[in-house]
Structures are given as structure tokens and as C-alpha cells.
Amino acid sequence: MNARAKPWPLENLRFAYHFLGVTYLALGLVMLGLEALSLVLRESPWGFLTGAVVGLGLGWGFHRLGDPRHEPGRAEALLSVALIWLLVPALGAIPFWISGNMSYLDALFEAMSGFTTTGATALSDFSQFGYSLFFWRSLMQWFGGVGFLVLVVALLAHLAVAGRQLFITESTGVQKEPFTPRLRTAAQSILKVYAALTLAAALCYWIAGIPPFEAICNALTTLPAAGFSPNPRSFEQYSPLAQWFGTLFMFLGGAGFVLQYKLFFTRDPRPLLKDVELRVYALIVLAFSAVLAVFLMTHHSQNMDYTWGDAIRHAFFNVTSILTTTGYASADFARWVPAAQAILVAAMFVGGCAGSGAGGIKVIRLLVLGAIVRRELIRSLHPQAIITLRLGSKSLGEEVMRSVAAFITLYVTLVAAGALLISLLENNFVVGFTASAQAVGNIRPGLGEVGPMGSYAGLEPLSKVILIVQMWAGRLELIPVFLLLTPELWKKLKS
Amino acid sequence: MKSWPRFAKAQSVNPIPVATYMTGTVYIALGAMMGLLGLTDWLLGEDALGFFVGAAVGLGLGLVLRQLGSPQAEPRRAEALLTVAGLWMMVPILGAIPFWISGGLSYLDALFEATSGFSTTGATILANFDQFSYGLFFWRGLSQWFGGMGILLLFIVVLPHLALAGRQMFFAETTGVQKQQLTPKLRQTAYYILRVYLLLTLLTLTAYLLTGVPVFEAIANTFSSVSAGGFSPNPQSFAGYAPLTQWIAAGVMFLTGVNLLLQYRAIFGREHSAPLRDPEFRAYALIVLTVGLVMAGVLFFHHDYALEPALRHAFFQTTSIITGTGFASADFAQWVIPAQTLLVMLMFVGGSAGSVGGSIKVIRWLIVAALVRRELQRALHPQAVLPLRVGNKNIAEDVVRSVAAFITLYVGLFALGALVMGILEEDFVVAFTASAAAIGNVGPGLGEVGPMAHYGNLHPISKAVMIFQMWAGRIELIAVFSLFTPELWRRLRA
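Only a predicted model underlies this, so the values are computations on that prediction, with no experimental measurement involved.

1. With respect to the overall build of chain A
For chain A, the helix and strand inventory stands at 21 helices and two strands. At 22 Å, chain A has a C-alpha radius of gyration in line with the 23 Å of a compact globule built from 495 residues. When its C-alpha atoms are laid out on the principal axes, chain A stretches across 75 × 70 × 50 Å. Going through the 495 residues of chain A one by one, you find that 62% of them count as buried.

2. Here's the deal with the interface of chain A and chain B
The partner chain B presents 42 residues to the 44 residues of chain A that form the contact. A combined buried area of about 4000 Å² lies between chain A and chain B, and 75% of that area is made up of carbon and sulfur atoms. Its largest share of buried area at the contact with chain B, chain A owes to Leu381, Arg402 and Phe429 of chain A, together 18% of the area lost on that side. At the surface where chain A touches chain B, the tally comes to two salt bridges. Here Glu397 of chain B and Arg402 of chain A are joined by a salt bridge, their closest N and O atoms 3.0 Å apart. Applying the counting rule to chain A against chain B returns five residue pairs in polar contact (both at pLDDT 80 or more). Going through the elements one at a time, helix 4 (74–99), helix 15 (338–347), helix 16 (363–381), helix 17 (398–426), helix 18 (429–440), helix 20 (479–483) and helix 21 (487–494) of chain A are the ones with two or more residues in the side of chain A that touches chain B.

3. Brief notes about helix 10 (residues 240–253) of chain A
Look at helix 10 of chain A: 20 Å from first C-alpha to last across 14 residues, which is about the 20 Å you get at 1.5 Å a residue. Three or more residues of helix 10 of chain A are buried, namely Ala242, Gln243, Gly246, Thr247, Phe249, Met250 and Gly253 of chain A.

4. Some points on empty space enclosed by the protein
This model, assessed by the stated rule, comprises 13 cavities of 30 Å³ or more. In this model, the second largest cavity occupies a volume close to 90 Å³. Every residue along the wall of the second largest cavity is listed here: Ile372, Arg375, Glu398, Met401, Arg402 and Ala405 of chain A together with Leu371, Glu397, Val400, Arg401 and Ala404 of chain B. Breaking the lining of the second largest cavity down by element, the ones donating at least two residues are helix 16 and helix 17 of chain A together with helix 18 (397–425) of chain B. Partitioning the lining of the second largest cavity into residue classes produces six nonpolar, no polar and five charged.

5. Describing the nonpolar core
Residue and element names in this part refer to chain B. Core analysis: the biggest nonpolar cluster contains 303 residues, and Tyr455 and Ile475 have the highest contact counts within it. When near neighbours in sequence (up to four residues on either side) are disregarded, Tyr455 contacts Phe112, Ala123, Thr124, Ile125, Ala434, Ala437, Gly443, Pro444, Gly445, Val449, Lys463 and Met466. Within the second largest apolar cluster, ten residues are counted, among which are Ala218, Tyr241, Met253 and Phe316.

6. Some details on the environment of Thr245 of chain B
Along the polypeptide, Thr245 of chain B turns up in helix 11 (residues 243–256). Those residues in contact with Thr245 of chain B that sit more than four places away from it in its chain are Tyr208, Thr211, Val213 and Phe238 of chain B.

7. With respect to the packing of helix 2 (residues 14–40) of chain A against helix 4 of chain A
Residue and element names in this part refer to chain A. The geometry of helix 2 relative to helix 4 is characterised by a closest axis approach of 10 Å and an angle of 25° between their N-to-C directions. By the criterion of interaxial angle, the relationship of helix 2 to helix 4 is roughly parallel. The crossing of helix 2 and helix 4 is right-handed. In contact with Arg14, Phe15, Ala16, Phe19, Leu20, Thr23, Tyr24, Leu27 and Met31 of helix 2, helix 4 contributes Glu76, Ser80, Ile84, Leu87, Val88, Leu91 and Pro95.

8. Re the layout of surface pockets
Residues and elements named next belong to chain B. Of the voids in this model, the second largest pocket is the one considered here, and its volume is about 1300 Å³. For the lining of the second largest pocket, the elements supplying multiple residues, two or more each, are helix 2 (17–43), helix 4 (77–95), helix 7 (134–161) and helix 9 (186–210). Among the elements that line the lining of the second largest pocket, the one with the most residues is helix 7, at nine residues. Split into classes, the residues belonging to the lining of the second largest pocket amount to 25 nonpolar, five polar and two charged.

9. Notes on the environment of Gln144 of chain B
Residue and element names in this part refer to chain B. The topology assignment puts Gln144 in helix 7. For the pair Gln144 and Ser227, spaced 83 residues apart in sequence, the C-alpha separation works out to 6.2 Å. Not counting residues up to four positions away in its chain, the partners in contact with Gln144 are Ser116, Gly117, Thr120, Thr121, Gly122, Tyr197, Phe223, Ser224, Ser227, Gly229, Gly230 and Phe231.

10. Brief notes about the packing of aromatic side chains
All names here are of chain A. As enumerated under the stated definition, the model contains 58 aromatic pairs over all chains in all. Taken together, a centroid distance of 4.7 Å and an interplanar angle of 90° make the contact between Tyr131 and Phe213 edge-to-face. Here the residue Tyr131 occupies a position in helix 6 (residues 131–158), and Phe213 occupies one in helix 9 (residues 212–222), the gap between them amounting to 82 residues. Ring centres of Tyr194 and Phe257 lie 5.6 Å apart, and the angle between their planes is 80°; on these two criteria the pair is classed as edge-to-face. Highlighted residues: Tyr194 in helix 8 (residues 183–207) and Phe257 in helix 11 (residues 257–266), separated in sequence by 63 residues.

11. Considering the confidence of the model for chain B
Taken as a whole, chain B shows an average pLDDT of 87; of its residues, 92% reach a score of 70 or greater. Here residues 169–183 of chain B scores under 50 on pLDDT; set against residues more than four positions off or in separate chains, the count is 39 contacts.

12. Quick look at the confidence of the model for chain A
Any residue range with low pLDDT should be treated as having predicted coordinates unsuitable for detailed reading. With 90% of its residues at a pLDDT of 70 or more, chain A has an overall mean of 87. Under a pLDDT of 50 for its full length, residues 168–180 of chain A has, in the predicted model, 26 contacts with residues more than four places off or in other chains.

13. What about helix 15 of chain A?
Given 3.6 residues to a turn, an α-helix orients residues that are three or four positions apart in the same direction. The buried count for helix 15 of chain A comes to eight of ten residues, which makes it a mostly enclosed element. Within the span of helix 15 of chain A, buried status applies to Ala339, Ala340, Gln341, Ala342, Ile343, Leu344, Val345 and Ala347 of chain A. If you follow the buried residues of helix 15 of chain A, they end up packed against helix 13 (276–298), helix 14 (308–323) and helix 18 of chain A together with helix 18 of chain B.

14. What to know about the pattern of salt bridges
Where charged atoms from two side chains of opposite charge come close, those side chains can pair. Counted according to the given criterion, the structure contains 20 salt bridges over all chains. Here Arg277 of chain B and Glu271 of chain B are joined by a salt bridge, their closest N and O atoms 3.8 Å apart. Take Arg277 of chain B: its relative accessible area is 45%, and that puts it in the partly exposed class. Relative accessible area serves as the criterion here: at 7%, Glu271 of chain B is assigned to the buried category. A salt bridge links Glu397 of chain B to Arg374 of chain B; the shortest N-O distance between them is 3.2 Å. Of this pair, Glu397 of chain B sits in helix 18 while Arg374 of chain B sits in helix 17 (residues 362–380), and the two are 23 residues apart along the sequence. Glu397 of chain B sits in the partly exposed class, given a relative accessible area of 29%. Salt bridges linked by common partners bring Lys362, Arg365 and Glu477 of chain A together as one network.

Procedures and definitions
- Residues numbered from 1 in each chain as written.
- Chains lettered and ligands numbered in written order.
- Predicted model: local features only at pLDDT ≥ 70, side-chain atom pairs only at ≥ 80, totals over all residues.
- Heavy atoms only, no water.
- Helix = DSSP H or I, 4+ residues; strand = E, 2+ residues; numbered from the N terminus.
- Rg over C-alpha atoms; globule rule 2.2 N^0.38 Å.
- Buried < 20%, exposed > 50% of the residue type's maximum accessible area, 1.4 Å probe, protein only.
- Contact = heavy atoms within 4.5 Å.
- Buried area = accessible area lost by both parts, 1.4 Å probe.
- Salt bridge = Lys/Arg side-chain N within 4 Å of Asp/Glu carboxyl O.
- Polar contact = N/O pair within 3.5 Å; in protein donor to acceptor, adjacent residues only side chain to side chain.
- Expected span 1.5 Å × (residues − 1).
- 1 Å grid on protein atoms, 1.4 Å probe; cavity = no way out; pocket = protein on both sides within 12 Å on 5 of 7 lines; lining within 4 Å.
- Points joined across faces, edges and corners; volume = space filled by probe spheres on them.
- Nonpolar A, V, L, I, M, F, W, Y, C, P; charged D, E, K, R; others polar.
- Core = buried A, V, L, I, M, F, W, Y, C linked by side-chain atoms within 4.5 Å.
- Axes fitted to C-alpha atoms, helices over the stretch in contact; angles between N-to-C directions.
- Parallel < 35°, antiparallel > 145°, perpendicular 65-115°, else oblique.
- Left-handed = near helix turned anticlockwise from the far one by under 90°.
- Phe/Tyr/Trp six-rings, centres within 6.5 Å; stacked < 30°, edge-to-face > 60°.
- pLDDT = per-residue confidence, 0-100.

Laid out in C-alpha cells, this is it:
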């Protein structure tokens, strides 16, 4: 054994350190900028200052330990991704903690909810935060969306994790137009659409009457399908036009950016229309919204009498919001009749399209699952049949099916375990179940106390810890976080 | 028997001869049974009209159907599936008649009760236990006893013979084909099952009688104990019985969740340690132990239970719900949320394969866990060829696929049922637990449909949904869902 070799935490994780270092440095700089902003606005700058100092300091330290030339193996790459999504919120929580009058746990909850694009808040009182903190909150979500789209989508597809290798090739529609499959180009095009739509959303919100600051913050959290709003009533108090714009941009945010890029730049709508996932996604939105609109008209919730226009608007808004895992609310649906709520709870388990910032199981995985079930039914009649699974025009390999099956199992298990534990802690099954489901799906609202106009502030500390872990795991599509629990990963890292 | 000319013609154009024949035969048997019960009931001075009508319909229809059909040794798969699915619905349709005519129930309610009986669910529509005579309670319990026997024969004998859904896999393991050749002949296997089932029935009855359960209740409860059914002629279920009775019942219920062939090997085959070597049994026992202890802890600290009652009620309810029996030694709808949550989760676990327990079953969870473990390993080593193992046995890929499909269908049907009932009943707890209890053939839910309550006040459509779920859940979905594929009907016409 080489006597000069450093112990493994230093030697084998050079890429991870470098990556983390660069991220922390970048965040530190951003927080410096926000500190300046908070000084200008005469709000407390100490949080941002501390954060900037810690970020720049630790960032420089990690950067020194790291080596940008070091090629990471699979284990290290997955570990890096998992760590980033834990350590960035750890740093980003500092302003909330110091300047936002929150405990560190609550601040970490808020920051994790931000970076994972969940949107669940631990704020009990919205006057705790100044403009700069609200802006930071929304910015974290925008960055989280970018980070997820570029890093995780590219990396996980490259590493063929959770069946993702299917999704990139699927949404680039390799058949018709040789849209260059190189991931870097795909990442750039995603970013362009993402930024363009954010700008468009901000403008539309402002035109529809939302105050400028709220318009900007909301736009920053619409496209990553995130959901933080500086307005404690979410979208409830905005004009109907603003709510319809919200629905539109949430829908686009959940639809996957690669296809949209193709639409804008090649002006050919056919790949978009032929995409199976997009069609099913649109159909689900339509179907759920229609049924919900009917319930809202026929069942009168407490003091909420809707006209047909209202019902349709609220149905589409909230269904799109939950389905894309954004989490805005145009009405306090915690007060709706259970029938209406049931539709939304069902939507929590679907999710958006694969090439977007939406969370949840994702439409395409449910389609794969449906194909698996269909095949088994046929084989129960015809056991010798060799049936290739097809999705649209693409055939699915066995590995994709196994990955999807394992993913859905882990997803449901994590939700169930969280639901059990949180129900125990909070002594309330509805809160436990919905809080758990929304956390793993990165959605935002549950029902009851943690409903759309409520807050997670009143939960037990341990419940918040569980939710933090669920938000973390859910954003990264479970595998990277679950791998941290396996001895195999650590063995590979040490070798 | 001379067949009339028109029967002969009908026979030759009948596309489903086996299904018709089997249904006919079973109807005749049921009809005869109802006739006997009717006679006994009449001699006892009770209202026996329902039984006589049921007997008449059963015998009459049975004879006709039997004539229209013809037995075949090797039916086509499509027809075999149709027969299985069909029987499990046709039987309650007939068996509901006594409840309807003599029990003062609407036909829908009677069908609910009968389906709940033959599917060994144990969910009841009865608000007032005085509606039913002794005869009807006996018939109710008997339907569960028969249901249990039928399902055992189906799972252990018929379906592996059809090599359906990889089931031959489960039983190759538990018949220990490697070690001791339990002869694979169907008739032999059926005989083994019946031996264990009858032995358990006798032992349970004796134990109940010895611990002070009134005679009639002991008999009826025995029928629904060994079948993991859960009907009791006592409206308080097991809450009114002695502690010793409750402990014995917990033990019996535990056994109902163990693979019957494994029990055969342990008892009659003298392989006493066979269960301990079986990975499914070990997992099952571990789950019961762990959940039981945790629940006992919750009861001890949150309610005013002393130590022994806490343990007793915890283990009673744990074994009751995990095997889908559904007896209650206490009104657990009044327990704290943590305890109730544990029970609801148990509804999704189930017993062992090859037992009368319902729901998803422990072995499927073991396979799923192995699948997940392997996928995590492949995230690190994508090129590795890693076999899936449970215990020391390799699981074939098509078994894994059918397990994945099964669980998906199960959860999907559960979710759909919960959604529909949530809308109709406007009560989330009722919808969720009723759906889970129906598809898992458990019996009681929580809230308004708790163990000391009943399903009588549900919307008619909710009852219909639950009937469908009880049916589908008992025969493990595939047979029912294949009825909805055009493929099956195409094959039958060919």
C-alpha cells in the first residue's frame, strides 16, 4: 500500500469536492449580491453575509481538495449528485435562519423545499421574511429547476438510472429529425426554453395585474414546477386572467422542454403531437379537470359557491398545479368536499412529463407500467408468447422495465413509510398521508393543516426531518439517495 | 342419462362447455346443501323458505347447466380462466338467496353478504343481528368454510397445473421438490390440503368449546376462523369471549396465514423444522412479531391497557388483519391513529402463498424487495448479470414480471375503488379502508365501517364496487382482469 496515498475520503472523491466547491463558490457570490440587495432595501443583511462568507470559504476549501480533471466513476457521480442536493440547501438555509427568524431545522426545511422545487413552506407568518428573503427563496427554486434539468437529467440518463436512458432518447424523437442527441446540446436547448418561458411568464403575470415583485418571484417558481409564492394565499387573490396564465405556464413547465425547443426552433409541431407521453399528459389534465369541475359545481363546499366559469378555472388550475407538481393553489382546496380532494390526491401520484422540472412518478413511467400489465394479461392466456413492449413507436428493453418497476416500488414504499411515521407523530392520518405524498413528489400542498393556505411550521421536528429526507430523495428520483444506504456504494468509493 | 335432442345440439354449440359443466355441478352441490339446511331449519321451527328456494334454483339450474356443458380433462386456458372467475361469482349469486328471502335483506345486500362469505372477506351488511336465524348464521359461516377450501384447491392444485402466472414457482418451493418428493399428482396434493384443513377445523372447534364459547357460536366461528373469513354470529365479534379464547384464535389465525403444504410437511411429513427454513414463513412470522410488539407498545402507552391485554389485543388484531380474517377482540376503530395506521398497512401485506390469507402475500413482497435490491446494485454495476434470489432459490424473470403486474393491478384496483367510494361516501377514511378491506378480503374497515359497525349504510354503487373488489381480490385479479381483454373472448370463440 502506497505510504503517501491519502485516506480514501480525500483521494477518491476529488471530483465530488471540486463540484461541491464550485457550487458553493457560485452560491456564495449570489448571496453576496443578495446581501447588497438587502442593504439597499434596508432589510437584515446578516443572513446573506454569513451565508456568503461560509459559502465562499467552504467553497474555496472544497475546491482546493478537489481536482477538476478527475473523471468520476458511477459511484462517485451518484454520490456527488446526492450530496449537492443536501449541501446546497444546508448552505442556502443560512439566510432564512439568521435573517428570517426561523430555527435552523425550519430554515433547512425551507431551503430543501426550495432547491428540490417542492414549495412546502415552514413559514408560519409571511411577515417573517423581507423582500430579499422571498426573492432568495424563489431564486433557489429556479436554480433547483435548472440544476435538476441539466445535471440530473443528463447524468441520470447517461448512467441509465431509474429507466431514464429511455426518456432522453424518447423525447428527442430520434427517428424523424436527427436532433443532435448529444447531451450538452440538449442541455443548452433546455436552458434556452426555460429562460425564455420564465421571462414570458413574468411578463404575462405582470400584464394580468400581479404586482411586479410577485410576478417575478412567481415566474421564477412556475417553470421549475416549484410553487413558492411571496403571497400567503398563493394565486387565490389574483385575477382570473392571471390564474389562466398560471395554468398555461404550469402546463408548459410540466410538458418537457426538449420537445418545446424543437417546436420553437424547427417550427414543426408534429414531434410534439406524436409524442405519446405528451398526449397522455394532456389527456390526463383534461380528464381530471373536467371531472373536478363537475364536482365543484355539484357539491357545494363550505361557503364556496362557484359559477361554471369559476369551477372550470379552479379545476384546470389546481389539477395542472398538482399534476405538474408545481403546487400553486387558486382556492383553498383543503376546504373542498372530499370528492374533489380525492381527484387532487390521485393526481399527486402521477407527476409531469419526463423532460421537465416536474416531480412525481412521471407519466412515461406509468405508461411503461401499463405496458407491463397489458403484456402480463395477454401472457396469462398465451404463456409462450414473446411480446416486445412498445411505447408509441419505440420498443422498450427489459432493463428499462425493471428499472421502472423498481422505481415505482421504492416510490410507493417511501410514501407509505413516511405516511406511517408522520401519521404516528402528528396523530392525523390525512396530514401524514398527504404530507408524505407531496414531499416525495415535490409538490407543496397536502390537506388539512398542511393544506394550500396552511404551513408545515406546526409539525413535529421529526416529521420535518422525515419530509426533508423525502423531498431530497424524491427530487433525485430515489436511486441516488437509496444507494447511500447500500454498502456496495461505499465499497466502490473506497476502491 | 339420456340427453334430449335439443340439449345435445346446445351442447355441441356451447363455446364454454367446461365452465358450464363445472358451474352446474357446483350448483347442484350447493342446492343439495341448502336443501339439507332448509330441512334442518324447518324442523327447528325457523323460517326455511329461503333455503328451499335456493335449493330449488340450485338443483334446477345446476342440472340444466350440467347438461349443457361437458367435462374436459384439459380445458383451454381461456376457458379455464373463465371457469375460475365465473364460479367465484356464480356461487355467491346463488348463495345469496337464503339471505334475501329469509334474512330480510335486499338482493344487493344479500349478494354482498354472500360474496363476503364465499370470498372469505367477512364484511357484513347486517345492522341488526336479530334478522338472521341460526340457520342463516350457519350458512354464512359455512360459505366461508367452503370458500376457504375452494381457494386452497384453486391456488395449490388448479392454478399451478395451469402453470398460471408463475405460480408453479411458489409451490415447487414449498412442496420442497428437491428435498422430499411430495408427489406432484393433483389428487394427492388436494388430499394433503384437505387433511390439514380438516385437522385445523377440528382442533379449533375443540379449543373454542373447551374455553367456554357457546356451542353454536363455536361452530360458526370455527368455520370462519380456519378459512380466515371473519364472520361471527356474535355482533361483538370476539370481544365478548375469554382471554384464552382470544389467544387461541390469534394462534389459529396465524396458522391460516401459513402455506398449507408447509404445514402438511411439518405435521404429517414429520419435517418439523421445514417452516423455519422457508424464507416466506420466516418473513411472515417476523412481520407478525414486529408489528404485534409495536402495536402492543402503542396500546400500552396510549390506552389504558395493562400489559397482557395490550399484547393480547395487539397480536389478535395483527394476525386477524394480516391474514384477512377480520375478527376483532376490541373495537379498533376507537384506537389511536398510530395503531389504526399499522392495521391499514397490514391489509396490504397478506398471508403466505398457498394459504387462505388474502391480499398481496408475503412472497410477492419478498420478490419485490429482491428486485429493488438488484436494481440498486445495477445502478452501480450496469453490466452485471445478477440473478434474483429469495432465500436460496433463484426467481425466474417471468415470475418477477407477473408479480410486478399483479401488484400494479392490485394497487390500481384499490385506488380506483377508494376514489369512487370517496366520491360517493364523502368520507376519506371509510373509502380508503373499505376499498383495502374488500380487495384484501379482510372484512372490517375503520370509522363508520369499523369492526363493531357494518357496511349497510353505504351507497348501492359502493356496495357493488366492493362486491367486485372482493371477487377480484380473492382470485388474485388475473382471472378477473383477463375477462376484460378482447383476447380472451376471441380465444373462446375460436
